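Residue-level structure breakdown
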Amino acid sequence: MLGQGAPAPRPLERPAAAEAPSGRVCGGDCLGGRCAVRRRGAYTSLQPPSLRGVAPTESARWRISALASSAFPGSPSALHAAMAELRPSGAPGPAAPPAPGPTAPPAFASLFPPGLHAIYGECRRLYPDQPNPLQVTAIVKYWLGGPDPLDYVSMYRNVGSPSANIPEHWHYISFGLSDLYGDSRVHEFTGTDGPSGFGFELTFRLKRETGESAPPTWPAELMQGLARYVFQSENTFCSGDHVSWHSPLDNSESRIQHMLLTEDPQMQPVQTPFGVVTFLQIVGVCTEELHAAQQWNGQGILELLRTVPVAGGPWLITDMRRGETIFEIDPHLQQERVDKGIEMDGSNLSGVSAKCAWDDLSRPPEDDEDSRSICIGTQPRRLSGKDTEQIRETLRRGLEINSKPVLPPINPQRQNGLTHDRAPSRKDSLESDSSTAIIPHELIRTRQLESVHLKFNQESGALIPLCLRGRLLHGRHFTYKSITGDMAITFVSTGVEGAFATEEHPYAAHGPWLQILLTGEFVEKMLEDLEDLTSPEEFKLPKEYSWPEKKLKVSILPDVVFDSPLH
């Protein structure tokens, strides 16, 4: 769903402040990798831009070195070098170096940034025999204008557990998504009880190849790409999120081209002076496994991966040489686990950020006084802050899988920005910097539309059957959030409460937010007519579907249509 020079993102995730990844998908009954998009807890699937051209060597932006802090027990000069690098420009240094010997560690702890020291402590607990791991370090820190949000990525050698089918592997741990310093140079301090910074750090486990004496560094750049997405969009990740990457993670010919996220099996949450830090592990997956996670849910696929040693095993270790999906390794998994899971549970993907748009066909487009039509190439009306609030709350509530799907009222009362299972959001996933200033919320009335035209690119259009079968037929809702304009399209079923679309008026718009209510009978009809969307490679674009009796039209268009300002 952010790296420099990355190709145009694809639709399956949430929008970013700069170039938003498209098509991120959310989990649960919310609107996603964290799916219309979750800023600090709204969608379950994301799509940062792919990292093509990543070289597994030291670059001009970062260097590889041993962890300087580990040398402090007998090396005051190493401590001073580390502290000089960590201090902001112009900040005074310590008056004198700590004395070497057994008293150095306490002195070091008092000088070293507390957030950084707390995470190092967890690393030392796990790897007491590796006090000086290799570390990828950003040469110009993000808080000094550098392009890489992660200050460091440490790389450890993990021996695994042969008896438990856990192979030897490299363990990568990031430093920078949480608050390392506590002086607001990167993250705003919000208290010790809440999350530190974004509340998490990333980890990654890569199977060690025979004869490999040093860890490859491309995972560090992969983690920087994900971190750039988080910083630019202020969307956070959660366990179960998926990331559509659409490129081999190591820029090879590997089938491992996407990611799921889960709790690291060994790293424990850390309480720092600036809040709590958890550790989310990146798990490389094949395209077929990503699609299964979208159709069903990420946690279910992660559990299946844990049962197949060569596909991850108990610790979900990524093997870039894996040539078979879990469904090729064990064909029974698709029918007996995934298909049954979809039938019983539906999909917990409740939205994506995508290339999409909608037009109001009820009135001529030149009727500017009351029209809320959203047209590509024109300046879209923006979501108000309260609309944004509602969509976010919709997403969040949807993540509570066992709760009844509800669209909150237009004026929801937030409780300190918290939900039962989500951390507070520092910025709404659908929020625009100027959204509240464009149109006062009170001046926008909900308007019933007679006829609408929905437009999607091929990737987002391919998710319509998922929306219908996995969501609406299970009494839920699904949202597309545009990455090319500040608008949203929410499909709702008759079982969703709080929607402003009704059976009497199934198409309703509140500013640029369109809701479409579809009955179960019409959903079944649409699934029959849209069957070819499940094999999009077999048809040519543009493709149009129409239901005149319902006054509804859907077009699948090339990406260029959404990218062109002249459309």
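Quick summary incoming for the structure in this document. (Residues numbered from 1 in each chain as written. Predicted model: local features only at pLDDT ≥ 70, side-chain atom pairs only at ≥ 80, totals over all residues. Heavy atoms only, no water.)

A closer look at the environment of Gln232
Within the secondary structure, Gln232 is located in helix α4 (residues 218-233). Between the C-alpha atom of Gln232 and that of Pro149, which follows or precedes it by 83 residues, the distance is 9.8 Å. (Helix = DSSP H or I, 4+ residues; strand = E, 2+ residues; numbered from the N terminus.)

A few points about the sheet that holds strand β19 (residues 543-547)
Strand order in the open sheet made by the four strands is β12-β14-β20-β19, with mixed pairing throughout. The open sheet has two free edges, formed respectively by β12 (356-360) and β19, since each of these has just one partner strand. Geometrically, the sheet is characterised by an average inter-axis angle of 15° between neighbouring strands, direction not taken into account. Direction of pairing for β19 relative to strand β20 (residues 552-557): antiparallel, over a ladder of five bridges. If you follow Glu544 over to β20, its bridge partner there is Ser555. Lying on the sheet, helix α13 (residues 520-529) is in contact with β19 and β20; it crosses β19 at an angle near 150°. (Pairing = 2+ DSSP bridges. Axes fitted to C-alpha atoms, helices over the stretch in contact; angles between N-to-C directions. Contact = heavy atoms within 4.5 Å.)

Side note on the sheet that holds strand β17 (residues 507-510)
Strands sit in the order β11-β15-β16-β18-β17-β13 across an open sheet of six strands; the sheet is mixed. Either end of the sheet is taken by a strand with one partner, and the two such strands are β11 (351-354) and β13 (446-448). Within the sheet, the average angular offset between the axes of one strand and its neighbour, ignoring direction, is 20°. Sheet analysis places strand β15 (residues 477-482) next to strand β16 (residues 488-492), joined by five bridges and oriented antiparallel. Residue pairing across strands places Tyr480 opposite Ile489, the latter belonging to β16.

Remarks on α13
Where α13 is concerned, the buried positions are Phe522, Val523, Met526 and Leu527. Burial along α13 is one-sided: seen end-on, the buried residues are contained in an arc of 140°. Exposed residues pointing more than 90 degrees away from the buried face of α13 are listed as Glu521 and Glu528. Residues of α13 that are buried make contact with α12 (464-471), β19 and β20. (Buried < 20%, exposed > 50% of the residue type's maximum accessible area, 1.4 Å probe, protein only. Arc of directions from axis to C-beta.)

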